[in-house]
Every structure is written in structure tokens, then in C-alpha cells.
Amino acid sequence: MSKTRATAGYKGVSQAAAQRHYDVSDDFFRIWQGPDLNYAAAMWEDGDDTLEAAQARKTAYLIEQANVRPGSRVLDVGCGYGYELRTLVEKYQVAEAVGITLSEAGVDYLHKQDLPRCEVRLENYVDHRPRTPYDAIISVEAMEHFARPGLSGRSKIRSYRTFFERCHRMLRPDGRMTVQTITWGHRFPLNIQILSDLYLATSIYPECNPPFATEIMHACDGLFDVLELRNDRDHYARTAQMWVDRLRDDREHAAELIGRKKAMAFERCMGTAVQAFTEGWLTLHRFTFRPLPVRLRPARRFLVNNVLGRGGTPKT
Ligand SMILES: C[S@@+](CC[C@H](N)C(=O)[O-])C[C@H]1O[C@@H](n2cnc3c(N)ncnc32)[C@H](O)[C@@H]1O
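A brief look at the structure comes next. (Residues numbered from 1 in each chain as written. Predicted model: local features only at pLDDT ≥ 70, side-chain atom pairs only at ≥ 80, totals over all residues. Heavy atoms only, no water.)

**A word on the pairing of strand β4 (residues 134-140)**
Burial within β4 is extensive, with six of its seven residues counted as buried. As judged from the three bridges shared by strand β1 (residues 73-77) and β4, these two strands associate in the parallel manner. Considered in β4, the bridge of D76 is made with I138. Bridge count between β4 and strand β5 (residues 171-184): six bridges; the pairing is parallel. Of the residues in β5, the one forming a bridge with I137 is M177. Between β4 and its parallel partner β5, the chain crosses via helix α7 (residues 153-170), and the hand of that crossover is right-handed. (Buried < 20%, exposed > 50% of the residue type's maximum accessible area, 1.4 Å probe, protein only. Helix = DSSP H or I, 4+ residues; strand = E, 2+ residues; numbered from the N terminus. Pairing = 2+ DSSP bridges. Right-handed = clockwise from strand over helix to strand, strands pointing away.)

Pasting the structure below:
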């Protein structure tokens, strides 16, 4: 199959694969993620911080970087169980918060919560067509699902490009977008233990393959400026360590809820995550983007590189 055909119409993770991971058991997720069901890295401060305080800090950071104001209309791509949505309507008085997800369990949970000024949709972001553009877009650890294992670097970039093109169209010209995503690091220890851990991870997280930060930079080129970028891999290591500790402390309950084999697989994956983020073969990037008003066409790039930037080589 040609590379183009392999990704033609590709929309990221299939609904079935997303539901195999996310529609497991709310109570199981509650054991380790806590009552807010926050399934992403927190933002820690030194000292005696709690997971709940660190999650609230992360959410506030992403919302404020996206320039959200009272009265804003905000889209959350991959809203999970709605912690960002709840914070947006309750603490930031937004006019409208729209969350989209591929998880039916998340949608059911949020429909029961009935948050004011909040719309939750079981929908792929690729298919989302808002009535009017948003003031801000937030996406917390959904991008890991936009490419599957086995896609070439080029095909991955094409898929991320679709994300940036859609978001560019859905965002007001003066809007902002924040994206938190796991990324592959630049060191990769090839040994049997790590390969078998990764194999297990692909069964727990089917059709999931994080980007490299450079792939994101390629994909957003000419559509968004990167205003700020943080690499917070130590924040993921600390979050995952907390999740492992909680899973270990409540092993029997976890096994009752989803079966021992699956509960142990989650625990092992989180343990691998602690190692990966500590050693740096996985990283965590937090991007703040501003949409560009005019796309830099290849012809203009050629002009900049070959004519305007031609200063000659200094003589030594
Ligand atoms: C790791 S969870 C993060 C959930 C939430 N943002 C949080 O921080 O707790 C990833 C979320 O992305 C959603 N997702 C993945 N691919 C998506 C897509 N193409 N369109 C919409 N949602 C998607 C999943 O359904 C899930 O809700």
C-alpha cells in the first residue's frame, strides 16, 4: 500500500481502540487518578505538594496560557472526564465550554454532571464543525492518539498537520491554543525489558504513538507560532509515581474492578512510565500556540532562504 493511501482519511485512533482503553471502569480510574479523574501529568512545585493541587496548577496554567477570559468560548479536544471543562465554567466564568472525546464512558459521566454552559460531544475533533470560531483551544494528552505505531514520520506529520489545520480554522485570529502531550525523547535504551514493557503498553493503549517534538514543529509550520514551550518530563515521572503507589496500595480493589491481569498490566505500564520520564526516553511538552494570520508559502520561504538571507561568507 502506498504511504498516501495508508493515511488517506486517517483520523487518528479508532473509536473502538479508544473505548477499549478509556471505557474500562470509572471506579478503577478513581483509585489512582483521584476523584477528579484527571488522566494527564500534573504540574508540581517543590516540597510537599499533593497530586490534586498539582493537577489544579496544571489546568490553570494551560487555561491562562490560552488567554481565557470571562465570556470566552473554549474548545477542549480530548476532554476525558471533564476536569478542564469544569474548571472553565466554575472558575473562569467562560460563556461556553465545548468538550469532545471518543470515550462513551466520559460522555455519560459528564452528561450526568450537567455542567452549566457546557456541551460534551462524542466526536472526533476532525469532524467537529463549530458555529463560530473559538477564543481558545486546549488539548491535554490527546495528541498521543493522533498517530498509530507503524506510521512513517511523514505520515505522522501529515496527521498532526490535519490537527493544526482544523484548529487554525476553528480558532479566532486573536485566539490562543495550548497543547500538552507526551513526546518521544532522544535516548532510547534498547533492551528486552523495555521492549516487552512497550509491547504491553501497546495492548493497554492500542493505536497510540506519541509524536517527537520536531514532528509537531514541522506540522504547525506556517499555521501557528510557538509562543512558549516547556519540557516537564520530571512532572510526568512524579505523577506516574503517585499513580503507581496508589495502584499498589489498592491492588485487591483494582483487581476486583477490572480483573487482576489487566490491573497488573496498568500498574506495570505506569512503572515503566516513571522509568521512561526519569531517564528521558519519554518527555512531556507543554506548548502555547498563536495562529499566524498569513501562511508562509514555500515560494516565500525560498525567497527568504536564498535571497534575503544571503549575506555571503565572512572572510577569515
Ligand atoms: C489521556 S486522555 C486525557 C483526558 C483529559 N484531557 C485529561 O487531562 O484528563 C485522552 C483523551 O483524548 C481523547 N481523544 C483521543 N483522540 C481523539 C480525537 N481524535 N478526537 C477527540 N478526542 C480524542 C480520548 O477520548 C480521551 O478523552
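**Describing the packing of helix α3 (residues 26-33) against helix α10 (residues 233-249)**
Angle between the axes and distance between the axes: these two values describe a pair of packed helices. With their axes 7 Å apart at the nearest point, α3 and α10 run at an angle of 120° to one another. In terms of their interaxial angle, α3 and α10 are classed as oblique. Of the residues in α10, those touching α3 at F28, I31, W32 and Q33 are W243, R246 and L247. In the contact of α3 with α10, the residues fall into five nonpolar, one polar and one charged. (Axes fitted to C-alpha atoms, helices over the stretch in contact; angles between N-to-C directions. Parallel < 35°, antiparallel > 145°, perpendicular 65-115°, else oblique. Contact = heavy atoms within 4.5 Å. Nonpolar A, V, L, I, M, F, W, Y, C, P; charged D, E, K, R; others polar.)

**What to know about the packing of helix α11 (residues 251-258) against helix α12 (residues 260-279)**
Axis separation between α11 and α12 bottoms out at 7 Å; the angle between their running directions is 125°. Of the possible angle classes, the one that applies to α11 and α12 is oblique. At the point where α11 passes α12, the crossing takes the right-handed sense. Two secondary-structure elements touch here, α11 through R251, E252, A254, A255 and I258 and α12 through R260, K262, A263, M264, F266 and E267. (Left-handed = near helix turned anticlockwise from the far one by under 90°.)

**Brief notes about the packing of aromatic side chains**
Per the counting criterion, the structure on display carries 21 aromatic pairs. For the ring pair Y39 and W243, a centre distance of 5.9 Å and an interplane angle of 85° mean the geometry is edge-to-face. Placement of the pair is Y39 in the loop between α3 and α4 (51-65) and W243 in helix α10, with a sequence separation of 204 residues. Each of the two residues, Y39 as well as W243, counts as buried. Clustering of aromatic rings is evident, with ring pairs tying together F28, F29, W32, Y39, Y236, W243, F266 and F277. For the cation-ring pair, R230 lies above Y61, with the distance from its terminal atom to the ring centre recorded as 5.3 Å. (Phe/Tyr/Trp six-rings, centres within 6.5 Å; stacked < 30°, edge-to-face > 60°. Lys NZ or Arg CZ within 6 Å of the ring centre and 35° of its normal.)

**Side note on the site of the ligand**
In the vicinity of the ligand, 23 residues are found, and the nearest of them are Y22, Y39, G78, T101 and L102. T101 is positioned with one of its side-chain polar atoms (N or O) 2.9 Å from an oxygen atom of the ligand. N124 has a polar side-chain atom sitting 3.0 Å from a nitrogen atom of the ligand. In the complex, 97% of the free accessible area of the ligand, which totals 600 Å², lies under the protein chains. Per-class residue counts for the shell around the ligand are 12 nonpolar, seven polar and four charged. (Near = heavy atom within 4 Å. Polar contact = N/O pair within 3.5 Å; in protein donor to acceptor, adjacent residues only side chain to side chain. Areas by Shrake-Rupley, 256 points an atom, 1.4 Å probe, with all protein chains shown as cover.)

**Quick look at α7**
Across its 18 residues, α7 extends 26 Å between first and last C-alpha, which sits within 8% of the 26 Å expected from 1.5 Å per residue. Residues of α7 that are buried include every one of S155, K156, S159, Y160, R161, F163, F164, R166, C167 and M170, and no others. (Expected span 1.5 Å × (residues − 1).)

**Overview of the side chain of E267**
The residue E267 is located in helix α12 in this model. Judged by relative accessible area, which is 7%, E267 ranks as buried. With sequence-adjacent residues up to four places away left out, E267 is seen in contact with V244, L247, R248 and R251.

**Digging into unusual backbone geometry**
One non-glycine residue, N67, lies in the positive phi region at around 65°. Structurally, N67 is set in the loop between α4 and β1.

**Looking at the environment of H186**
Position of H186 relative to the elements: it lies in the loop between β5 and α8 (192-204). Judged by its relative accessible area of 70%, H186 falls in the exposed class. C-alpha of H186 to C-alpha of T283: the two residues are 97 residues apart in sequence and 9.0 Å apart in space. Among residues more than four places away in sequence, those in contact with H186 are F212 and G280.

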